[in-house]
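An overview of the molecular structure
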Amino acid sequence: IDFDLILENVKDLNVLAGEGISQIEHTPGGARLRQPEPLPLTLYQNGIVMFNGPFRPYEDPSTQQCLQDIMDGYFPSELQMRYPDGV
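This is a predicted model, so every value here is computed, not measured. (Residues numbered from 1 in each chain as written. Predicted model: local features only at pLDDT ≥ 70, side-chain atom pairs only at ≥ 80, totals over all residues. Heavy atoms only, no water.)

1. Examining the overall build of the protein chain
The number of helices and strands found in the protein chain is 2 helices and 5 strands. Listed by position from the N terminus, the elements making up the protein chain come as α-β-β-β-β-β-α. Relative to the 2.2 N^0.38 estimate, which gives 12 Å for 87 residues, the radius of gyration of the protein chain is 15 Å and therefore markedly larger than a compact globule would have. Here the C-alpha coordinates of the protein chain stretch approximately 50 × 25 × 20 Å along the principal axes. Here the protein chain, with 87 residues, has 21% of them falling under the buried criterion. Summarising the internal contacts of the protein chain: among those between residues at least 6 apart in sequence, 33% fall at separations of at least 24. Within the structure as shown, the protein chain displays about 6,500 Å² of accessible surface, and the carbon and sulfur contribution to it stands at 53%. For the protein chain, the distance from the average site of its 5 positive side-chain charges to the average site of its 13 negative ones is 11 Å. (Helix = DSSP H or I, 4+ residues; strand = E, 2+ residues; numbered from the N terminus. Rg over C-alpha atoms; globule rule 2.2 N^0.38 Å. Buried < 20%, exposed > 50% of the residue type's maximum accessible area, 1.4 Å probe, protein only. Contact = heavy atoms within 4.5 Å. Areas by Shrake-Rupley, 256 points an atom, 1.4 Å probe, with all protein chains shown as cover. Lys, Arg positive; Asp, Glu negative; His and termini not counted. Charge placed at Lys NZ, Arg CZ, Asp CG, Glu CD.)

And the structure:
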């Protein structure tokens, strides 16, 4: 696992997802600025935790696919169900 590549690609994906950019959210009384909701990802020596979810060891095929998507420069495909309209 190329941790340097993962970190570099996560930074790039964060920019694509709108990190640091506020969006206008219309409210009944007007509008307010809203920041995109972060997606927590913690890398450990032997696995990952995403969304404060369960620990996922690197040996798990779904974890390998998730990290491969990131190393290929894509958002993890497993997020498509959670974000059907994109990030």
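2. Some details on helix H1 (residues 3-16)
For H1, with 14 residues, the first-to-last C-alpha span of 20 Å sits near the 20 Å given by 1.5 Å per residue. Buried within H1 are the following residues: Ile6, Asn9 and Leu13. Buried positions in H1, seen along its axis, are confined to an arc of 75° and lie on one side of it. In H1, the exposed positions that point more than 90 degrees away from the buried face belong to Asp4, Lys11 and Val15. Of the surrounding secondary structure, the elements contacted by the buried residues of H1 are strand E3 (41-43) and helix H2 (61-71). The N-cap of H1, judged by a side-chain oxygen 3.3 Å from the amide nitrogen of Asp4 a few residues on, is Asp2. Phi turns positive one or two residues past the end of H1, at Gly18, with a value near 100°. (Expected span 1.5 Å × (residues − 1). Arc of directions from axis to C-beta. Polar contact = N/O pair within 3.5 Å; in protein donor to acceptor, adjacent residues only side chain to side chain.)

3. Description of the side chain of Arg56
With respect to the element layout, Arg56 can be found in strand E5 (residues 56-57). A distance of 3.3 Å separates a polar side-chain atom of Arg56 from the backbone oxygen of Ser62. There is a polar contact of 2.8 Å between the side chain of Arg56 and the side chain of Glu78. Discounting chain neighbours no more than four positions away, the residues touching Arg56 are Gly47, Ile48, Met50, Ser62, Thr63, Cys66 and Glu78.

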